[in-house]
Structure formats: structure tokens, C-alpha cells
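Architecture and fold: a report
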Number of protein chains: 2
Amino acid sequence: MRYKAGYKEEKRREILKTSGELAKKQGFNNTGVDGFMHAANMTSGAFYSHFSSKNDLFKALIESEIGASIQQWEMNPHQDPESWLDFEMNRYLSLLHVQHPEKGCVLPSLAAEVSRADADIKQCFEKELQRGYKLFAQHAPEPDFAWAILCQMVGSVLLARGVQDERLKKDIINSSLAMLKTLLKNGIAK
Amino acid sequence: MRYKAGYKEEKRREILKTSGELAKKQGFNNTGVDGFMHAANMTSGAFYSHFSSKNDLFKALIESEIGASIQQWEMNPHQDPESWLDFEMNRYLSLLHVQHPEKGCVLPSLAAEVSRADADIKQCFEKELQRGYKLFAQHAPEPDFAWAILCQMVGSVLLARGVQDERLKKDIINSSLAMLKTLLKNGIAK
DNA sequence: GTCTATAATTTGATAGAC
DNA sequence: GTCTATCAAATTATAGAC
């Protein structure tokens, strides 16, 4: 055997990482197998020894990318729910996140493509998204609004990325930040 | 002249309408010129007598689609801000909207593709989006949160479309509806 | 104004050498 | 496991007939 054990797994993770960045930046469907492999310093022929099809890569990408977001959320240093959420909101609703899709959350970038993908991929997306939701429901001060808060963050980054003016990008994310903070400060008296 | 005056403009609007539905349903980049023209009962050769390029169609599509959403918002029958917003939230955050992207708002469907498009298209998107924002800022009870409310609605439909389970789709949009209504009921005491 | 035909690329995927 | 070479299909766009 000319390659070490574990080499293939390592290479696969490498492809997933560079492909994830590329897909978030320029879209999954807009990027060819050639493009993904080029980003991993390989040629397209080698692709199919790691994935059975381009669709297979998409599924693996959704899984690993949402997994990466969840890992970040799990490393949130704060204990009390208020501070925990405040930390995540500020990280997510930032100009840095808006301007660097390749390093950010997969949801604003690829959720629309997931909604058009086959049942297998949507299933995978749903499973991983539920994991993320549970983390928010456990740590956020108001579990009933965990989905709403996630939606708010995702939608804000999505729209802010679509506009050109930097001032407007800031206005959009700051409006969302202000609304979420107002909601939480008021104690969410239903 | 074998064709009536105004025939071309009419045909162009027809192409925009069917192309808009198709693009919202299956993505703009995923659809070929052939596909768009087939939906309008024409062949791809005729496309270029209406648009200079596929990119030109995208720009026209963004303009007409956001314009169509704004028209809907302008036809909201309610006068007082509270009822006006309540009406729009219920329309937007509905299972019907989640399940029929081809008939719905363009933002959850195509905003990610806009964020990857050229400056010309983003400019057009920004201009139209600002018009929509102003309508919300004028009619919604809290202008400072107009962007936040738009982001909330867009993000909710986006994520709800990505998951498979209908119960979960409902949970997502209902969480957002509940959060927005709580916020407004509490008088938005900042 | 729309058609058919076609040019030039790009795409997802396979085969075989090393 | 990765490479080069290659294929069949699909893509954007143009040309010329009606």
C-alpha cells in the first residue's frame, strides 16, 4: 500500500473544507467538480474516489458545514443564557460575517439551494439544523423564540449581502441586533 | 409591419412573468435560457431579441419581482400601522408561501444569487429593496425595526423551505410570527 | 419576432496509465 | 489515489430563413 492508512479520510476532509469555502462564496451549483478539486489542488478525475457524485458532495458539505457552525456555538464561553445569546448575536450579525461568506455560516449562502435539492439532502439539512436549534433552545433565554432568532440572523446576513452600500449593510444588521436586544431586555413578557 | 405596436413589450412582460416563476422555483443559475423560453412557449433563439444576455434577464427579473412584492404590499387594505403589519406578517409567514416559491416573494429564493452577481445587479437589487423597506418603515408601527422585520420574514421562509417535515416548517414560521407579535404587543419599549 | 441550425464552452462522469 | 484523456450532454450566444 503506497498511501498511509487514514490518508484518504484526511484528504476527504481537506476537500470538504476547501469545497465548503468555495460553495459558500460562489454557490454550489455554480461551481463545477473541476473548480472544487482545483481548490483542493487536485484534478477532477480524483474526485470520484472520494464522492460517488456531485450530489453526494453537496450532502457531505451540508453536514460538515452546519456541524462547523454548531461547533462554534458550542465553544461559546458564556454560561448564563442572556450573555450566551448576546455573544452569538454579535458574532453572527457583524459586518465581518456579511463580507466573508466563505468563512461564515452556510445557511445564508446555501439554504436556497438546499430547498431545491432532493429529499435525501433536505433530510440531512433538517437533521443538522435541528441540532443547531436545540443548542439555541437550551442556551437562549427564551426557547420558544429559538427558531425566530435563528431566522432573524440568517435573513439579515442574506439581505445585507445582496446590497452594495456598506452603510446600508450596517443598517440592516444593526436593525436586527437592536430588535433582538430590545426583545430580550424587555423580558419577553408574553 | 407584421406585429402590432406594443406586441414586443407585452411579450417581454410575459417572458418576465414565466421566467420569474421558474427562477424562484428552481434557481436562476440552474435554469438555462432554453428553459426560460420554453416556459414562455418560445425557443431560445428568440430570447436575444428581448434581452441582451442572460445576465440582463436576471436584472430585469430582480426589478420586476421585487416590484411585484411591493405592489402587493401597497394593496394592503389596512390603515393603522398595527393592522397593516399584522396583515403582511400573516401573509408572508404562511405555509402556503413556504410551499409555493414560484408564486411568492423573490427574496428567499434569489437573494443569495444576487449576492454573487455583479455590481450592476446588486445596485438594482438595493434600489428596489430600499423601496420595499420604505413602505414598511412608513406603515409599520416601529420604523427602526423595519429592516429587522423584513429580515425575519425572509429568513423564516428560507429555512422553512429547506426542511422536509411539514410540522417543522410550521414550527419555524410560527416561532417567528409569535416573536414579532410579542414584540409589537409590548409596545416596543426601548 | 420567432424559428431552426449551429458554434464554442463547460459540465458531470468514466477509463486506463502510473 | 491521482493523473491525463475523453465522452456525452447542456450551456450561452449568433446567423440566416421566413
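Everything in this summary refers to the structure shown in the same document. What you see is a predicted model; the values in this text were computed from it and never measured. (Residues numbered from 1 in each chain as written. Chains lettered and ligands numbered in written order. Predicted model: local features only at pLDDT ≥ 70, side-chain atom pairs only at ≥ 80, totals over all residues. Heavy atoms only, no water.)

Here we take up the overall build of chain A. Of regular secondary structure, chain A possesses nine helices and zero strands. In chain A, the succession of α and β elements from N to C terminus is α-α-α-α-α-α-α-α-α. Along the first, second and third principal axes, the C-alpha set of chain A runs to 65 × 35 × 30 Å. Per-residue burial for chain A yields a buried fraction of 53% across its 190 residues. (Helix = DSSP H or I, 4+ residues; strand = E, 2+ residues; numbered from the N terminus. Buried < 20%, exposed > 50% of the residue type's maximum accessible area, 1.4 Å probe, protein only.)

A separate point is the interface of chain B and chain A. Opposite the 57 residues of chain B that make contact, chain A presents 58 residues. Together chain B and chain A conceal approximately 4400 Å² of surface at their shared face, both sides included; 64% is due to carbon and sulfur atoms. Summed over the three residues of chain B that lose the most area to chain A, namely Arg-116, Leu-159 and Met-179 of chain B, the buried surface amounts to 16% of that side. If you look at where chain B meets chain A, you find two salt bridges. Close ionic contact of Arg-116 of chain A with Glu-113 of chain B constitutes a salt bridge, the shortest N to O distance being 3.8 Å. Every element with two or more residues in the side of chain B that touches chain A is listed here: helix 1 (7–26), helix 7 (106–115), helix 8 (119–139), helix 9 (146–162) and helix 10 (166–185) of chain B. The dominant element in the side of chain B that touches chain A, judged by the number of residues it contributes, is helix 9 of chain B, at 14 residues. (Contact = heavy atoms within 4.5 Å. Buried area = accessible area lost by both parts, 1.4 Å probe. Salt bridge = Lys/Arg side-chain N within 4 Å of Asp/Glu carboxyl O.)

Turning next to the pattern of salt bridges. All names here are of chain A. Under the criterion given, the structure shown has 22 salt bridges over all chains. Between Glu-63 and Lys-127 there is a salt bridge, with the nearest N and O atoms lying 3.7 Å from each other. Taken together, the positions of Glu-63 in helix 3 (residues 54–74) and Lys-127 in helix 7 (residues 119–139) put the pair 64 residues apart, joining distant regions of the chain. The structure contains a network of salt bridges with shared partners spanning Glu-63, Lys-127, Glu-128 and Arg-131.

So, about the side chain of Ser-175 of chain A. Tracing the chain through its elements places Ser-175 of chain A in helix 9 (residues 166–185). Residue class for Ser-175 of chain A comes out buried when judged on its relative accessible area of 6%. Looking at Ser-175 of chain A, its side chain comes within polar contact range of the main-chain nitrogen of Ala-148 of chain B, at 3.0 Å. (Polar contact = N/O pair within 3.5 Å; in protein donor to acceptor, adjacent residues only side chain to side chain.)

The next subject is the protein's contact with DNA strand D. As a matter of local geometry, DNA strand D sits amid 19 residues, with Lys-8, Thr-43 and His-50 of chain A together with Val-33 and Lys-54 of chain B nearest to it. Backbone sugar and phosphate groups make up 70% of those atoms of DNA strand D lying within 4 Å of the protein. One of the side-chain nitrogen or oxygen atoms of His-50 of chain A is found 2.6 Å away from a phosphate oxygen of DNA strand D. A distance of 2.8 Å separates a phosphate oxygen of DNA strand D from a polar backbone atom of Val-33 of chain B. Considering each element in turn, the surface near DNA strand D owes the most residues, three residues, to helix 1 (residues 7–26) of chain A. Looking at the surface near DNA strand D residue by residue, the classes come out as six nonpolar, nine polar and four charged. (Near = heavy atom within 4 Å. Nonpolar A, V, L, I, M, F, W, Y, C, P; charged D, E, K, R; others polar.)

Bringing the relation of the copies chain B and chain A into the picture now. When chain B is fitted to chain A, the best match, at an RMSD of 0.0 Å, comes from turning it 180° and sliding it 0.0 Å along the axis. Considering both components of the superposition, the chain copies are consistent with a two-fold axis. A share of 100% of the interface residues of chain B reappears at the interface of chain A, consistent with the copies meeting face to face through the same patch. (Least-squares fit on C-alpha atoms with pLDDT ≥ 70 in both.)

Let us look at the environment of Met-37 of chain B. Residue and element names in this part refer to chain B. Note on placement: Met-37 falls in helix 2 (residues 33–39). Since its relative accessible area comes to 0%, Met-37 is described here as buried. As for Met-37 and Lys-169, which are separated by 132 residues in sequence, their C-alpha atoms are 33 Å apart. Once residues within four sequence positions are removed from consideration, Met-37 is found in contact with Ile-15, Met-42, Thr-43, Ser-44, Ala-46 and Phe-47.

Distances and angles like these do not, on their own, reveal function.
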